[in-house]
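Listed here are the chains, written in short residue letters.
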Amino acid sequence: MRAAVERGRKARRGAQVKLSDVAKKVGVSPITISRALRNPEIVSEDLRQTILRTVEEMGYIPNLAARALAGRHNGIIGVITPALHQHGFAGLMIGIEDCLRATEFRVQYSNTLHHADGEAGELKSVLTQKPAGVIIAGAESYRDLLPLIENATCPIAHITDLSQEPATLVVGLDHHAAGAEPTRFLLSRGYERIGFIGRGTDIRSRRRKEGYEAALREAGRFDPDLAIGGDEGSSTGLGRELFARLLQRVPDIDAVFAQSDDLALGVLIECAVRGIRVPEDVGICGFNDLEFSAFTQPTLTTVQIARYDIGYRVADMLLRAIRDEPPGEDKVDCGFSIIPRGSTR
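Residues numbered from 1 in each chain as written. Predicted model: local features only at pLDDT ≥ 70, side-chain atom pairs only at ≥ 80, totals over all residues. Heavy atoms only, no water.

## Describing the packing of aromatic side chains
Applying the stated criterion across every chain yields a total of three aromatic pairs. Measuring from ring centre to ring centre gives 5.1 Å for F196 and Y212, while their planes differ by 40°; the resulting arrangement is tilted. Of the two residues, F196 sits in strand β6 (residues 194–198) while Y212 sits in helix α10 (residues 203–218), which places them 16 residues apart along the sequence. Accessibility expressed as a relative area gives 1% for Y212, which makes it buried. Aromatic rings pair up to connect F196, Y212 and F257 into one cluster. In this structure, R208 is placed above the aromatic ring of F287, and the distance from its NZ or CZ to the ring centre is 4.0 Å. Stacked on the ring of F222, the Lys or Arg R217 has its end atom at 4.0 Å from the ring centre. (Phe/Tyr/Trp six-rings, centres within 6.5 Å; stacked < 30°, edge-to-face > 60°. Helix = DSSP H or I, 4+ residues; strand = E, 2+ residues; numbered from the N terminus. Buried < 20%, exposed > 50% of the residue type's maximum accessible area, 1.4 Å probe, protein only. Lys NZ or Arg CZ within 6 Å of the ring centre and 35° of its normal.)

## A few points about the sheet that holds strand β7 (residues 227–229)
Ordered in space as β7-β6-β8-β9, the four strands form an open sheet in which the pairing is parallel. The sheet is open, and its two edges are formed by β7 and β9 (283–285), each paired on a single side. If you compare each strand with its neighbour and ignore which way they point, the axes differ by 20° on average. Summarising the sheet, β6 and β7 pair through three bridges and their orientation is parallel. For G198, the partnering residue across the bridge sits in β7 and is G229. (Pairing = 2+ DSSP bridges. Axes fitted to C-alpha atoms, helices over the stretch in contact; angles between N-to-C directions.)

## Side note on unusual backbone geometry
Of note, the bond from V278 into P279 is cis; its omega dihedral lies within 30 degrees of zero at 15°. Of note, P279 is situated in the loop between α12 (261–274) and β9. The residue after Q297, namely P298, is reached through a cis peptide bond having omega -5°. Tracing the sequence through the fold places P298 in the loop between β9 and β10 (302–305). Notably, K130 is not glycine yet its phi reads approximately 60°, a positive angle.

Take a look at the structure:
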């Protein structure tokens, strides 16, 4: 209780402490303190440690709004994502933060939860704060975003399906190919009745479903009854439910391409409960290569996306734009890999 009270007192003190108070105690000018907090590398190690220690002791909290008024930006990089809560996005975020950790910038997240109609509002909200830059990590639609992007006063980088509109500061992959190639892989392993399980409402899943359908049409194996989806977010429980419904609809199904490893794990569990042998009776391919996929029994065949690399590269691309440096590449295709494991023949 005493510790909580002390934290509360410190927070109240921090709200009252000014930059000039910190400067007076350290014995330097306020501009030196400001520059040292924005760019720690410009001052000596001893002075940097003294400033940081004094800031901590006095509970000083930088005023980002004042910084934005005084300079070009507030030192924040906004990241707008549709699914911060999902496992597949964790690698992206770690890559972004690792790239930015040694810089003067800090990250602020905004989660749209796959609501395309809210994306423009989130971007407007971030832009009103005068950020140093913005990363849009998986927009559903650019129709309402493009006018805001064109008039933004800061650089905006993108993680996208490569079929989407942005032409510069883009890192992503071709999700149509990421649906077609795993389907062809399953066909090559002798599976013929290949189901598709996925949420299906976001653009990446829709593109993968289109790729899956194209591959089956090429092979003369397409059947619309083989695909099933749900409106809920990907989960192991949803994977079990969708596979059970798919078995009722198509009893002779012999493989499943699941749009996340969470869904694929649900299929694997439902097979175990029903006594269906994997991979002999049913093959399973997931998506994202989450950590547990290598430790299930049998282990899960899956599609690996370089999520960390995508996050790191888009943040580096944005940093270069903020610093008016050449971007290296305007549009980067990070691709994907199929990881064959025990859940397929």
